[in-house]
Amino acid sequence: MQDIIEDFYGLSSAPFRLTPDPRFFVDTSVHRKALNYLNFGLEQGEGFIVITGEIGAGKSLIIEHMLAEVDQTRIVARTLVTSAVEADEALKLIVSAFDLEVEERQKAAALEAFSSFLRRQHSAGKRVLLIVDEAQNIPKRTIEEFRMLTNFQVEGRSVFQIFLVGQPQFRDILLDPDLEQLRQRVVASFHLQPLNQDDTRRYIEHRLRLVGWQDRPALTPGAFRAIHEASRGLPRRINQICARLLLFGALEELEELNEATVAEVLEDLRGELTAEPSAGQAQQGAANGAANGTARAPAADGGSEGRQRLDLERRLEQLLQRYSMGPAQGGAEAGALAERVEAVEQALAELSRGKGGFAEKRELTTLRGQLKEIKRTLGSLDERVSAEEAALRQTLQSLIEFVAKAPLATPRQENADGRVPGALEQDA
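Just so it is clear, the structure is predicted and the values come from calculations on it, not from any experiment.

For the packing of helix α2 (residues 29–44) against helix α3 (residues 59–69), give the residues involved together with the corresponding values.
Put simply, α2 and α3 touch, their axes get as near as 10 Å, and they point 50 degrees apart. Judged by the inter-axis angle, α2 sits oblique to α3. α3 is crossed by α2, and the crossing has right-handed handedness. The segment α2 lies against α3, with H31, A34, L35, L38, N39 and L42 engaging I62, I63, H65 and M66. Taken together, the residues that form the contact of α2 with α3 break down as seven nonpolar, three polar and no charged.

Here it is, written out as structure tokens:
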């Protein structure tokens, strides 16, 4: 699917991948300030640097960018992603992260191996940096173990430094009275705030330009506002929304993405990321339940084609219900259209599972053409049904008016045989 975006909009690669890539670092006011704190702490060459931020705020990207810019001849850095690591396991993980071989599993042997490693790096004019990610998961005893390791010195100089990177609750963890000694070793601390609206636009445009974007597709000011509001300024969320927005635009062959386009994409994302169906899916489920007496879950879709299919199904259900007491031919036509939509639905389901033959752009184009043809046919059928309903209403109205204006029979209105007509006979 990514190839479709790149081919249609002429981009060289995907601009909004979720994995951190230092090439896409954007020098926003927030990121610049965070980077300044990191570099200041790194220059201190000792103690702890603490970086916190919301999930998806860009902490990992900033760290990756800093490491890409750092002098590799002076710094030896490794990243440790932690879970609830106990203190006894912390040293083993660090030794493993720096690829140190320890013949024995005892802590004393691991400490000696790590100490020897630090001395070798110092002799080579290097310092050692450990980046501990997801630090909010670390037990207090493990944090204290990290503090003890920063006490290593060679010739009176610190040679080991730790960056602690975590979510906002890690700041509360550090306030624990038992961690007073660690707090005294923190040389720099920074909380990464979400991007404001201007920085969100700068972030999006910068990443697009890095892959050859030349205002195609054009994004309106309303689109940027909607993306910022929905993402709350969190870069990972911005990436998620923009990736789907480009896919939507490519499938729909849109040259401009506006606020309404963003709203459609967000509706799809809400349906995928929560247990609640989107508005279109809920409406379709209700129509199916009314027609069949049962409820069914919405089938997997392939982006905008899926939305068109849901709309077509909903309108077909309405037509089938309207034709249920009308012309048999019209009902048969609507039924045939329903079968065609079902065939497209199955192809889309295969596409979403990556098992179908629609991976190529030309086949996706064919699929879009099929949906457009069905939509035109359905529109024609809908118009004919509406015309027939209008004619029927006119006939009924004429009949009502005729009955209303017809004179009532009286006992004096007798037939030739002296009997009053019809139902009036009894009253007479």
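So what's going on with the pattern of salt bridges? Residues and values would help.
For the coordinates displayed, the defined rule picks out 15 salt bridges. Here D21 makes a salt bridge to R23, at a shortest N to O gap of 2.8 Å. Relative accessible area serves as the criterion here: at 58%, R23 is assigned to the exposed category. Among the salt bridges present, the one from R147 reaches E144, with a minimum N-O distance of 2.5 Å. Placement of both R147 and E144 in helix α6 (residues 140–149) is noted, with a separation of three residues, approximately one turn of the helix. Given a relative accessible area of 8%, R147 falls into the buried group. In this structure, a network of salt bridges that share partners links the residues K140, D176 and D178.

Before we move on, could you go through the pairing of strand β6 (residues 160–166) and cite the residues and values that matter?
Within β6, seven of the seven residues are buried, which leaves it mostly tucked inside the rest of the structure. Because side chains alternate across β6, one face comprises the buried residues F160, I162, L164 and G166, and the other comprises Q161, F163 and V165, equally buried. Across five bridges, strand β1 (residues 48–53) lies against β6 in parallel orientation. Paired with F48 across the two strands is I162, which belongs to β6. When strand β3 (residues 127–133) meets β6, the two strands line up parallel, connected through five bridges.

Which residues make up the nonpolar core, and what are the values?
With 56 residues, the main nonpolar core has F163, I204 and I227 as its most contacted residues. The greatest single-element share of this core, amounting to nine residues, is contributed by helix α11 (residues 235–252). Residues contacting I204, with those up to four places away along its chain left out, are F16, L219, F224, I227, I238 and C242. Counting residues in hydrophobic clusters, the runner-up holds 32 residues, among them V85, V128, L164 and L182.

Quick rundown of the confidence of the model for the protein chain? Include the residues and the values.
A low pLDDT means the predicted coordinates there should not be read in detail. Looking at the protein chain as a whole, the pLDDT averages 75, with 62% of positions reaching at least 70. For the stretch residues 355–362, pLDDT sits under 50, and the model shows eleven contacts to residues farther than four places along the chain or on other chains. A low-confidence stretch, residues 408–428 (pLDDT under 50), is modelled with 15 contacts involving residues beyond four sequence positions or located in other chains.

Account for the environment of S189, naming residues and giving values.
Of note, S189 is situated in strand β7 (residues 186–192). Of the residues examined, S189 reaches a relative accessible area of 39% and is grouped as partly exposed. Taking the C-alpha atoms as reference, S189 lies 9.2 Å from A34; in sequence the two are 155 residues apart. Not counting the four nearest positions on each side in its chain, S189 is found in contact with Y37, V50 and R171.

Rules used throughout
- Per chain, the residues get numbers from 1 upward, laid out in the order the sequence is written.
- The predicted nature of this model means local features are confined to residues of pLDDT at least 70 and side-chain atom pairs, given and counted, to a pLDDT of 80 or more, with totals for whole chains, interfaces and linings taken over all residues.
- Excluded from the side-chain calculation are hydrogens and water; included are all heavy atoms of the structure.
- To get an axis, a line is fitted to the C-alpha atoms, and for a helix only the part in contact is used. The angle between two axes follows their N-to-C directions and goes from 0 to 180 degrees.
- Per the convention used, a helix needs a DSSP run of H or I reaching at least four residues, while a strand needs a run of E reaching at least two, with both numbered from the N terminus.
- These descriptions rest on fixed angle ranges, namely under 35 degrees for roughly parallel, over 145 for roughly antiparallel, 65 to 115 for roughly perpendicular, and the rest for oblique.
- By definition, turning the near helix anticlockwise from the far helix through less than a right angle yields a left-handed crossing, and turning it clockwise yields a right-handed one.
- Every residue pair with non-hydrogen atoms within 4.5 Å of one another is taken to be in contact.
- Ten residue types, Ala, Val, Leu, Ile, Met, Phe, Trp, Tyr, Cys and Pro, are classed as nonpolar, four, Asp, Glu, Lys and Arg, as charged, and the remainder, Gly among them, as polar.
- The working definition used for a salt bridge is a side-chain nitrogen of Lys or Arg within 4 Å of a carboxyl oxygen of Asp or Glu.
- When accessible area is computed with a 1.4 Å probe and restricted to protein chains, residues below 20% of their type maximum are described as buried, those above 50% as exposed, and intermediate ones as partly exposed.
- Think of it this way: DSSP has to see at least two bridges between two strands before they count as a pair.
- Here the nonpolar core consists of buried residues drawn from Ala, Val, Leu, Ile, Met, Phe, Trp, Tyr and Cys, with membership extended through side-chain atoms lying within 4.5 Å.
- Per-residue confidence from the predictor is reported as pLDDT, a score between 0 and 100.

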